[in-house]
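# Architecture at a glance
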Amino acid sequence: MDQRRELDETVNHAAHEDEGRVPRAFGRKGKAPPGSPRPRKAKAVAVAVGAVAGLLIGTFTVEMGRVVGQNRKEAPLALDADASARPWKRYGDWPKANWDKFNTLAKTDASPPPPKTGEVKKIAEAITGDPAQGQKLVFDRSRGGGCLACHAAGQASAGQQVGNVAPDLSEIGNAGRTDEWFYNYIFDARVYNPETVMPPWGAHGFFKDEEIRHMVAFLKTLKTPLQYKTAIDDPNKRPVPKEDRDNLDPMVNPGMWAIDKAKELWVVKGPSGAACAACHANAEAQFKTWAASMPRWEARVNKVLGVEEFVFRHAKATTGHAWLMQSEPNTAIAVYLRHLANGAEIKVDVTSTPAKAAAARGHQIMERKIGQLNFACLDCHNPSKGALKWIRGQWLGESKGQIPHFPTWRTSRLEIWDIRKRFQWCGVAIRADELPPEAAQYGDLELYLTSLNNGLKYNVPGIRH
Amino acid sequence: MATPTPRVRLPAKAKKGEVIEIKTLISHDMEMGTRKDADGKTIPRKIIKQFVCTFNGKELFKSDWAPGISANPYLSFFAKVNESGTFDFAWHDDDGSVYKTSSKIEVA
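How each quantity is defined
Residues numbered from 1 in each chain as written. Chains lettered and ligands numbered in written order. Predicted model: local features only at pLDDT ≥ 70, side-chain atom pairs only at ≥ 80, totals over all residues. Helix = DSSP H or I, 4+ residues; strand = E, 2+ residues; numbered from the N terminus. Buried ≥ 20, exposed ≤ 12 C-beta atoms within 10 Å, placed from the backbone. Contact = placed C-beta atoms within 7 Å. Pairing = 2+ DSSP bridges. Domains from an automatic or database assignment. Nonpolar A, V, L, I, M, F, W, Y, C, P; charged D, E, K, R; others polar. Axes fitted to C-alpha atoms, helices over the stretch in contact; angles between N-to-C directions. pLDDT = per-residue confidence, 0-100.

### Description of the overall build of chain B
The helix and strand tally for chain B stands at zero helices and eight strands. In sequence order, chain B lays out its α and β elements as β-β-β-β-β-β-β-β. Over its C-alpha atoms, taken along the principal directions, chain B stretches across nearly 60 × 20 × 20 Å. Of all 108 residues assigned to chain B, the portion counted as buried reaches 15%. For chain B, long-range pairs separated by at least 24 residues make up 54% of all intrachain contacts whose partners lie at least 6 apart in sequence.

### Focus on the sheet that holds strand S8 (residues 98-107) of chain B
Residue and element names in this part refer to chain B. Ordered in space as S2-S8-S7-S4-S5, the five strands form an open sheet in which the pairing is mixed. Every interior strand has two partners, whereas the edge strands, strand S2 (13-14) and strand S5 (58-64), have only one. Bridge count between S2 and S8: two bridges; the pairing is parallel. Directly across from Ala-14, in S8, lies its bridge partner Val-107.

### Regarding helix H12 (residues 419-429) of chain A
Those residues of H12(A) that fall on the buried side of the exposure criterion are A:Ile419, A:Arg420, A:Lys421, A:Phe423, A:Gln424 and A:Gly427. As for H12(A), its buried residues are in contact with helix H8 (307-318), strand S8 (415-417) and helix H13 (440-452) of chain A.

### Quick look at the domain arrangement of chain A
Residue and element names in this part refer to chain A. Looking at chain A, the domain boundaries give domain 1 (1-74), domain 2 (81-111 + 246-465) and domain 3 (116-239). The C-alpha centroid of domain 3 is placed 36 Å from the C-alpha centroid of domain 2. Listed by partner, the interface residues are twelve residues for domain 2 and 14 residues for domain 3. Each residue belonging to the side of domain 2 that touches domain 3 can be placed in one class, and the counts come to three nonpolar, four polar and five charged.

### So, the sheet that holds strand S6 (residues 74-81) of chain B
Across a sheet, strands are paired by hydrogen bonds formed along the backbone, either parallel or antiparallel in direction. All names here are of chain B. Spatial strand order, S1-S3-S6: three strands in an open sheet with antiparallel pairing. At either margin of the open sheet sits one strand with a lone partner, and together these are strand S1 (6-9) and S6. Neighbour-to-neighbour, the strand axes of this sheet turn through a mean angle of 20 degrees, independent of strand direction. Across four bridges, the pairing between S1 and strand S3 (residues 18-26) is antiparallel. Of the residues in S3, the one forming a bridge with Arg-9 is Lys-23.

### Considerations on the confidence of the model for chain A
All names here are of chain A. Looking at chain A as a whole, its pLDDT mean stands at 88, while 85% of the residues score no less than 70. Below a pLDDT of 50 lies the segment residues 1-51, which in the model reaches 53 contacts outside its immediate sequence neighbourhood of four places, other chains included. Across residues 53-71, where pLDDT falls below 50, the model places 28 contacts with residues more than four positions away in sequence or in other chains.

This is the structure:
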């Protein structure tokens, strides 16, 4: 079966050459001027070589529709262009602040250095502050989300959709803690617990000294457990969101626009005269499992290559279309390619040497603290910390089970997000500058995360809040 | 933009007097007429400006759309059916094109 497919591809080359416009032969590097005529002799030789190569490749075992073996035919990739817009600018409808004084996934030395364990700020006298002011500050969403994102804090907070990532503080005033402990815990909890999830509210500039004193005064008044009115108010009783919409029904999921659009783009000829359809006339048959093997280590770009970046580089090399990452055509085709692999089991390579190293880097990346809020991925997405709990009204998922529905339509944003855009937002949401979507760090992270989902099946486009 | 694909979903059978839901969807980029291209020239407006549904030739539902209309708009509405027949749907484009589809219903 595989032999015939390889030969069919070389036969298609010959047929299309008759139209006077030449799709690039597989494996050929470098650029030919568009529309350059091919001498007859070279054409015959190329077809013969292609046929022999097809036979050779066909002798390797077929596994899940892919050729496994050293001599897999390489898809042409444009290596001489940036896969996303330059200069990289944050999306216009995202928060505009820049956080260059804090770590990103690419910069690990930007944030102020952490304090040494035990290096507390000495507070000799009792803290005087205004509890009413303190309550306002504790409840204030604009200060990096505020305390109630993770903590319940007394009866007044019962109707505020508090989170439960962190301990309920409603009786903290009775817990025998010193003023010095309260102050330092808010200023920079790392002096007590270097592994803490608690953001360094003072050290990273969210609250001033006087404000923290007001907050301490408020917390000291909290001495009675709170009573929630309804199950929705209580993060320990709130029903966990369950997605049950039919994401593949275009009348339910607006994200299905991508499938129509991709089919339309598939036959549009690019600057070099070819369309995707020139080599991939039957996408449905050819890509039943391809996307389930992505992302993958790609030596030619010396990093992990995801579907979206692949679409840019491969389309540019073969058709001339410059479908930049995060553009409408790129998104449509990337969604379509994954959609064609719906039902296929995710199976990414993390055993070959460079892939194994990339996945290990991806794992380490999940432990890296970034942003003004000083969070690592695992702070929210590991069940031993924040996963399967609430941040205000948002449920935090675990690392396994998210990838299969990306790219997803987001009803709260009215657009499709792929996994790279999701990574970018995770950064911005915790006040860390995002990287361009094709960043090597995102690739490592995507490979590691996808490997955690090996065995699960794609269901794309998804639909989520 | 390829020729817009209209889709319609309604029950194949219904009882006399029943209220049914008619779901419609069409793919269309809906160019507002205020965006500018890379050279700074305004991209001309091209939207679907009217949607009409008739039943057995009689107008049942008509809607005029303006540039704020969503791309790939989903529209659903309800109709009371008293007899068998054919629903005809037409989407009228700024450029004069009309995209059509029909659906039959059997009413017992």
